[in-house]
Amino acid sequence: MTTRHNNLKAIRPETSLGTLSENMSSDERFQNETLRPIIKFQEDLFIEVLKNYIAKHKNVFYGLSLPKKIAYVENAIQKDMKFRNSVKGMIIGQFTVEEYLRYIENSSALNKRMMNITKEQLLNNIQLFDTPLADVI
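Conventions adopted
- Numbering of residues starts from 1 in every chain and runs along the sequence as written.
- Totals for whole chains, interfaces and linings use every residue, but because this is a predicted model, local features are given only for residues with pLDDT of at least 70 and side-chain atom pairs only at 80 or more, for both listing and counting.
- Hydrogens and water molecules were not included; the side-chain quantities draw on all heavy atoms of the structure.
- What counts as an axis is a line fitted to C-alpha atoms, over the stretch in contact for a helix, and the angles between N-to-C directions run from 0 to 180 degrees.
- In DSSP terms, a helix is any run of H or I states spanning at least four residues, a strand is any run of E spanning at least two, and both are numbered starting from the N terminus.
- Each angle receives one of four descriptions, namely roughly parallel if under 35 degrees, roughly antiparallel if over 145, roughly perpendicular if within 65 to 115, and oblique otherwise.
- With the far helix as reference, a near helix turned anticlockwise by less than a right angle produces a left-handed crossing, and one turned clockwise produces a right-handed crossing.
- In what follows, a contact means two residues having at least one pair of non-hydrogen atoms within 4.5 Å.
- Residue type decides the class: Asp, Glu, Lys and Arg count as charged, Ala, Val, Leu, Ile, Met, Phe, Trp, Tyr, Cys and Pro as nonpolar, and the leftover types, Gly among them, as polar.
- The buried label applies to any residue whose accessible area, calculated with a 1.4 Å probe on protein chains only, is under 20% of its type's maximum; exposed applies above 50%, and partly exposed to all values in between.
- Multiplying one less than the number of residues by 1.5 Å gives the expected span of a helix.
- In this context, the arc is that of the directions from the helix axis out to the C-beta atoms.
- Here a polar contact is recorded for every N or O atom pair within 3.5 Å, except that within protein the pair must consist of a potential hydrogen donor and a potential acceptor, and residues adjacent in sequence are included only if both atoms are side-chain atoms.
- Each pair of aromatic rings taken from Phe, Tyr and Trp, with Trp reduced to its six-membered ring, is defined by centres within 6.5 Å and is described as stacked if the planes are under 30 degrees apart, edge-to-face if over 60, and tilted in the remaining cases.

Asks: With reference to specific residues and values, describe the packing of helix α2 (residues 26-41) against helix α7 (residues 107-124).
Replies: Put simply, α2 and α7 touch, their axes get as near as 10 Å, and they point 40° apart. In terms of axis orientation, α2 runs oblique to α7. Classified by chirality, the crossing of α7 by α2 is right-handed. Taking contact as the criterion, the partners of D27, E28, F30, Q31, L35, R36, I39 and K40 in α2 are, on α7, A109, L110, R113, M114, I117, T118 and Q121. Tallied by class, residues from the contact of α2 with α7 come to 7 nonpolar, 3 polar and 5 charged.

Asks: A description of unusual backbone geometry should follow, citing residues and the corresponding values.
Replies: The residue K58 is not glycine, and still its phi comes out positive at about 65°. Considering the arrangement of structural elements, one finds K58 in the loop between α3 (43-56) and α4 (66-79). A positive phi angle is found at N59, which is not glycine, with a value near 55°. By the secondary structure assignment, N59 is in the loop between α3 and α4. The class for N59 is partly exposed, based on a relative accessible area of 27%.

Asks: Kindly report on the side chain of K69, identifying the contributing residues and their values.
Replies: As for its placement among the helices and strands, K69 is situated in helix α4. The buried category is assigned to K69, whose relative accessible area is 10%. If sequence neighbours within four positions are ignored, K69 has contacts with F61, Y62, L64, I126, F129 and D130.

Asks: Any details on the packing of α3 against helix α5 (residues 81-92)? Residues and values, ideally.
Replies: Relative to each other, α3 and α5 sit at 160°, their axes nearing to 12 Å. Considering their axes alone, α3 and α5 lie roughly antiparallel with respect to each other. With respect to the hand of their crossing, α3 and α5 are arranged in right-handed fashion. Within the contact between the two elements, α3 uses L45, F46, V49, L50 and Y53 and α5 uses F83, V87, M90 and I91. Partitioning the contact of α3 with α5 into residue classes produces 9 nonpolar, no polar and no charged.

Asks: Account for α5, with residues named and values stated.
Replies: Taking 1.5 Å of rise per residue, 12 residues should cover 16 Å, and α5 covers 16 Å from first to last C-alpha, within 8% of that figure. Among all positions in α5, only F83, R84, V87, K88, M90 and I91 are buried. Considered in projection along α5, the buried side chains sweep an arc of 155° and stay on one side of the axis. As for α5, its buried residues are in contact with α2, α3, α4, α6 (97-103) and α7. In this structure D80 caps α5, since a side-chain oxygen of it lies 3.2 Å from the backbone nitrogen of K82.

Asks: Help me get a handle on the packing of aromatic side chains, residues and values and all.
Replies: Under the criterion given, the structure shown has 8 aromatic pairs. With a centroid separation of 5.6 Å and 85° between ring planes, the pair formed by F30 and F95 is classed as edge-to-face. Taken as a pair, F30 in helix α2 and F95 in the loop between α5 and α6 lie far apart in primary sequence, 65 residues in all. As far as the burial class goes, F30 and F95 line up, both buried. Note on Y53 and F83: the rings are 4.6 Å apart at their centroids and 50° apart in plane angle, and the pair reads as tilted. Of this pair, Y53 sits in helix α3 while F83 is found in helix α5, placing the two residues 30 residues apart along the sequence.

Rendered as structure tokens:
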């Protein structure tokens with residue numbers, strides 16, 4: 001194996017989510033073996049990326065109710081193609097060559113899985129988005 005392959009695998013955190021079993025689909029296996037560890041590894045980055053996204057959209061987010069904040073995050077991940085592609089690139093950039101080759105076989109379904117996991121991760125951290133960036137500094 002290449003050094004890049006070994007280094008990428010070595011830095012990924014273990015995740016307790018998504019157990020592996022014999023009868024799971026290849027997409028579910030990829031999700032649990034590759035996507036979940038990468039998304040967990042990138043968690044701090046995704047939080048900062050969303051904070052920047054909120055700031056670039058005039059901090060409207062901070063005046064919203066909790067249900068509207070949730071909808072805001074969902075909308076950013078699902079409908080803002082520029083933001084979505086940026087997040088997707090941060091995940092794909094952590095793939096090994098072998099994982100990338102597996103990913104391109106069914107990228108549409110795997111993109112859906114990766115965006116759903118990322119969205120859930122951000123929503124689980126929504127309390128970190130209570131203060132605008134300018135107020136933190």
